[in-house]
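Architecture and fold: a report
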Amino acid sequence: MPKISAVVITYNEERNIERCLTSLQQVADEIIVVDSFSKDRTEEICKTFNVKFHQRTWDDFSSAKNFGNEKAANDWILSLDADEALSDELKKNIREVKNKNATGNYKFNRLTNYCGKWIRHCGWYPDTKTRLFLRTQGDWEGTVHEKLIIKNNSPVHYLNGDILHYSYATAEEHIMKQYKYAEASAEQLYKSGAKANFFHVYIKPLIKFFRDYFFYLGFLDGAHGYIISKISASAVYIKYKRLSELQRSH
């Protein structure tokens, strides 16, 4: 039977990490935690589980995840973020794949919990992610929004079940994180030579709102769908506004 190494990166995740590690215990043969010197109880909680705990200075998401992959004893990697957990259906299907002595790369849907509500629209679901993969066939790339790159067009199979993503407890948390990502994305765009104009700053945010709220049926998620669509549109505005400011200052 093939063995699985689960890799989780953390920083101040005392609110989420116990749920994440508990869900992994039933499918992973080892759990590796890569921590960026958390200042809360993350390390203490992790060490109540049978995990291999590593600490390293933060640089970016991809580097942290690739570091964890390198520390894994097994070729099969299951990657989760600290604010994620496996649904019962997904755990069952991963165990079935193991019992059949299968190998390869697998993707699953991700279902997000936003301020206590499961969001099934706004472009947030199914949000399919490849998270179970052979270490020799996958590498993480990107600094702001990391992406798993599967090499040599290796096949990726689909498994039923959801990654349960416990994203934001409050809308204020969402706003703060989106602002941070927007600033970082603007810096990245500027370094790549991208330019912002009137369309990017003022029209693209409107397109983003109408797409998420109407085309992606965000209104079916009620008030939560409206809030998500509005904050996402604001993040687009902030990103390109910041990019235009960088253009003018250099």
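Since we're looking at a predicted model, the values are computed, not measured. (Residues numbered from 1 in each chain as written. Predicted model: local features only at pLDDT ≥ 70, side-chain atom pairs only at ≥ 80, totals over all residues. Heavy atoms only, no water.)

Under the counting rule described, the total for this entry stands at 16 aromatic pairs. Ring centres of tyrosine 114 and tryptophan 124 lie 5.7 Å apart, and the angle between their planes is 80 degrees; this geometry places the pair in the edge-to-face category. Residue tyrosine 114 is found in strand E6 (residues 105-114), and its partner tryptophan 124 is found in the loop between strand E7 (117-119) and strand E8 (129-134); the two are separated by 10 residues along the sequence. The exposure class assigned to tyrosine 114 is buried, which follows from its relative accessible area of 1%. Overall, tryptophan 124 belongs to the buried group, its relative accessible area being 18%. (Phe/Tyr/Trp six-rings, centres within 6.5 Å; stacked < 30°, edge-to-face > 60°. Helix = DSSP H or I, 4+ residues; strand = E, 2+ residues; numbered from the N terminus. Buried < 20%, exposed > 50% of the residue type's maximum accessible area, 1.4 Å probe, protein only.)

For the rest of this paragraph, the subject is the pairing of strand E1 (residues 4-10). Judged by how many residues are buried, E1 sits mostly within the fold: 7 of 7 residues are covered. Neither face of E1 is left uncovered, since the one carrying Ile4, Ala6, Val8 and Thr10 and the one carrying Ser5, Val7 and Ile9 both have all their residues buried. Relative to strand E4 (residues 76-81), E1 is paired through 6 bridges, and the arrangement is parallel. Of the residues in E4, the one forming a bridge with serine 5 is isoleucine 77. Across 6 bridges, the pairing between E1 and strand E2 (residues 30-35) is parallel. Pairing of alanine 6 across the sheet is with isoleucine 31, part of E2. What joins E1 to E2 is helix H1 (residues 17-24), and the crossover it makes is right-handed. (Pairing = 2+ DSSP bridges. Right-handed = clockwise from strand over helix to strand, strands pointing away.)

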